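Chains, contacts and geometry: an overview
Listed below, chain by chain, are the residues.
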Amino acid sequence: MTDELENQLRRALRPVEAPEGFTERLMSRLPVAPAALYTSAPVVVALPVPARRKPRNFALPAALAASLVAAVMLGQHMAYEIETGRQQRELAEGRAASRELMEALRVTSQKLDMAYQAVNSPSRPAAPGEEENPS
Amino acid sequence: MNPAPSMPDSLLTQARAGDTDAFAALVRAHQGSVFSIGLRMLNRRDAAEDLAQDVFLQLYRRLADIESQEHLGFWLRRVASNLAIDWLRRLPYTSTQPLDDDMQVASPENPQDPLMDRELARLMNELSPPARAVMLLRYQEDRDLAEIGATLDMPVNTVKSHIKRSLTALRARMIGARLVDCEPRE
C-alpha cells in the first residue's frame, strides 16, 4: 500500500503551471540595472562633484602631536633617571653606614679583649684591698 | 518535475552577462516548480506567486553565484522551500483553505482518480511545514533523500523520519476519510 500511496502522491503533487503572465510581471519588477551589475562588469556612476575646498594642512597638528609625544617620553625618561640615582645614593649610604658600624664593632671588640687579658693576667700586682680566694 | 534538465549552461552565462531574454527563459523553465512549491506550502495562489516572484528576484541578484543548471535547480528549490517555511512561521496563512479547483497541472498525464488526488493534496496541508516541504521535494520534485537533506539543512535520517511519519499520517487520514478501505500491508 505504501508504494500505491507514493504513486498517488506523485500524481497528486504534479507541478502546476504558474499563473498567466507570471514571467512578464517578474520581468517588469527587475531592477533597472542589468544583472551584470551584480556580477563583475564595473559601472561608472557620475556623482556630483562637491565644491572644491581649501586643502587642510595636517602638518601643524602632526608636529604638535609629535612634540607632545616626545615631551611625555622625555619626562618619563628623566623621572626614571632621578629615581634610579636616588636609589643608588641610598644604597651607597647604607653600605657606608654598614662599614662604619662593622669597624666600630671591631674596635670595641679589640678593646674588650685587651681589658679582659689585662684583668686575668697572673703577673698583675694585686690591687689594694683585693683578697685572695681562700679556697 | 525536473525542470529543463537539458537547458544549456550558455543560457545561464548569457543571463549573468545581463541578457534579460536569457533570464526570462530561465524563469519560464523553472517557474512551474517554484510556484508549485509555494502553492502547496502556503496554500494560496496569490501568496505562492508573491513567493515565486521573490525567489526569482533573489536569483537575479545572485546569478553570479550560480554555477550550472543543476546548481540553479537546487538553489531555487532551496530558497523557495525555506522561504515558504519562513513565511508560514511569520504570516497568518491558514492551512485549511482548499487549493483552487482550476489548478492547471503541468504534466497532464491521465490521473486515475482526480478526487483522490485533490484530497491527498488537501491532506498534505495538515502536515507541519518542514514535513510538507520534505514531502514536496520527494514526491513533487522527485529528489533523493540526500538532496532533500541538503536543501532543507536537515540530516538524512530526519528526512527519512519525516517521510515515514507523513506517509503513515496520510494513510490514516485517507482511511478515516474512507478514501481507502484497507489496513496497510507491510
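So, a few notes on the structure that sits alongside this text.

What counts and how
Residues numbered from 1 in each chain as written. Chains lettered and ligands numbered in written order. Predicted model: local features only at pLDDT ≥ 70, side-chain atom pairs only at ≥ 80, totals over all residues. Heavy atoms only, no water. Helix = DSSP H or I, 4+ residues; strand = E, 2+ residues; numbered from the N terminus. Buried < 20%, exposed > 50% of the residue type's maximum accessible area, 1.4 Å probe, protein only. Contact = heavy atoms within 4.5 Å. Axes fitted to C-alpha atoms, helices over the stretch in contact; angles between N-to-C directions. Parallel < 35°, antiparallel > 145°, perpendicular 65-115°, else oblique. Nonpolar A, V, L, I, M, F, W, Y, C, P; charged D, E, K, R; others polar. Core = buried A, V, L, I, M, F, W, Y, C linked by side-chain atoms within 4.5 Å. Domains from an automatic or database assignment. Expected span 1.5 Å × (residues − 1). Arc of directions from axis to C-beta. Salt bridge = Lys/Arg side-chain N within 4 Å of Asp/Glu carboxyl O.

This brings us to the overall build of chain B. When you go through chain B residue by residue, the secondary structure sums to 8 helices and 0 strands. For chain B, the succession of helices and strands along the chain, N to C, is α-α-α-α-α-α-α-α. Across the 186 residues of chain B, 49% fall into the buried class. In chain B, the proportion of contacts linking residues at least 24 apart, taken out of those at least 6 apart, comes to 68%.

Once that is clear, we can look at the packing of helix α7 (residues 145-152) of chain B against helix α8 (residues 156-176) of chain B. Residue and element names in this part refer to chain B. Contact geometry of α7 with α8 gives a least axis separation of 8 Å together with a crossing angle of 105°. Classified by the angle between their axes, α7 and α8 sit roughly perpendicular to one another. In contact with L145, A146, I148 and G149 of α7, α8 contributes V156, V159, K160 and I163. Broken down by class, the residue content of the contact of α7 with α8 amounts to 6 nonpolar, 1 polar and 1 charged.

This next bit is on the nonpolar core. In terms of nonpolar packing, the biggest core is built from 63 residues, with A:L9, B:F23, B:L59 and B:M135 touching the most fellow members. Three or more residues apiece are contributed to this core by two domains, here domain 1 (1-95) and domain 2 (110-186) of chain B. Setting aside residues up to four positions removed in sequence, B:F23 forms contacts with A:L26, A:M27, A:L30, B:A15, B:F56, B:L59, B:Y60 and B:L63.

The end-to-end C-alpha distance of helix α3 (residues 45-61) of chain B is 24 Å, a good match for the 24 Å that 17 residues give at a rise of 1.5 Å each. Turning to α3(B), its buried residues are B:A47, B:A48, B:E49, B:L51, B:A52, B:Q53, B:V55, B:F56, B:L57, B:L59 and B:Y60.

Bringing helix α2 (residues 22-29) of chain A into the picture now. Within α2(A), burial applies to A:F22, A:T23 and A:L26. For α2(A), the angular spread of the buried residues around the axis is 90°, confining them to a single face. Each element contacted by the buried residues of α2(A) is listed here: α2 (20-42) and α3 of chain B.

All right, on to the pattern of salt bridges then. Residue and element names in this part refer to chain B. Considering all chains together, one arrives at 15 salt bridges over all chains under this definition. Among the salt bridges present, the one from E147 reaches R77, with a minimum N-O distance of 2.7 Å. Highlighted residues: E147 in helix α7 and R77 in helix α4 (residues 69-90), separated in sequence by 70 residues. Exposure class is identical for E147 and R77. Each is buried. D153 is the salt-bridge partner of R78, the closest N and O atoms lying 3.2 Å from each other. On the criterion of sequence distance, the pair formed by R78 in helix α4 and D153 in the loop between α7 and α8 is long-range, its members being 75 residues apart. In this structure, a network of salt bridges that share partners links the residues E119, R122, E126 and R173.

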